[in-house]
Amino acid sequence: QVQLGESGGGLVQAGGPWRPPCAASGRALRGKVMGWFRRVPGKEGGVVGGVSRNGGNTRYADSVKGRLTISRDNAKNTGYLQLNRLKPEDTAVYYCALGTGMIIRTDRLGYDYWGQGTQVTVSS
C-alpha cells in the first residue's frame, strides 16, 4: 500500500518562499515519477510541475515557471516543492502524486497514487 503525505501548509506571507515536503511510505518513491498539482476550491485544478524518477529532469507549468523548483531525495523517500515569491493567487490545496510511467505527465491520469493535500493561504 503506497501512502503519500504532504505537510507544511498554513498561512504564508506574499513574497516569501514555501517548501512543503511530500513523504512516501517505505520505498514507494523509488522508480516513480512525482508530480505536484494544485486546486483552488470551486475552480479547475492543474499540474504545477513534476520530477523524473532519478530527479534529473523537471517540468513546470508556465504559470509558475521561474518561481518553482521540484526536487526529490529518494534515500529519504521525500519529494519537495519550493515555490518562491509567493503571490495571493498561489493560494490553493497542493497535492503530490506518484506515477509508474516513464515520463513526467501533466494530466491527472498519469498518476496512480495521491496525497491528501496541504492547504496554503498566501496573505498580501
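Let me begin by describing the structure that accompanies this report. Here the structure is a predicted model, which is why all the values come from computation and not from measurement.

Cut-off values and rules
- Residues numbered from 1 in each chain as written.
- Predicted model: local features only at pLDDT ≥ 70, side-chain atom pairs only at ≥ 80, totals over all residues.
- Heavy atoms only, no water.
- Buried < 20%, exposed > 50% of the residue type's maximum accessible area, 1.4 Å probe, protein only.
- Helix = DSSP H or I, 4+ residues; strand = E, 2+ residues; numbered from the N terminus.
- Pairing = 2+ DSSP bridges.
- Core = buried A, V, L, I, M, F, W, Y, C linked by side-chain atoms within 4.5 Å.
- Contact = heavy atoms within 4.5 Å.

## Some thoughts on the pairing of strand β8 (residues 78–83)
Next up, step 1: Most of β8 is tucked away, with five of its six residues classed as buried.
Next up, step 2: As judged from the three bridges shared by strand β3 (residues 21–24) and β8, these two strands associate in the antiparallel manner. Bridging from a neighbouring strand, A23 pairs with T78 of β8.
Next up, step 3: Here six bridges tie strand β7 (residues 68–73) to β8, and the two strands are oriented antiparallel to one another. Bridge assignment links T69 to a residue of β8, and that residue is Q82.
Next up, step 4: With antiparallel pairing between neighbouring strands as the criterion, β7 and β8 make up a hairpin whose turn holds four residues, including N77 at a positive phi of roughly 55 degrees.

## Digging into the nonpolar core
Next up, step 1: Of all hydrophobic cores here, the largest spans 25 residues; its most connected members are W18, M34, W36, L68, L81, L83 and Y94.
Next up, step 2: When residues no more than four places from it in sequence are discounted, the contact partners of L68 are V48, G49, Y60, L81, Q82 and L83.
Next up, step 3: Counting residues in each nonpolar core, the second largest holds six residues, with V33, F37, I104 and Y111 among its members.

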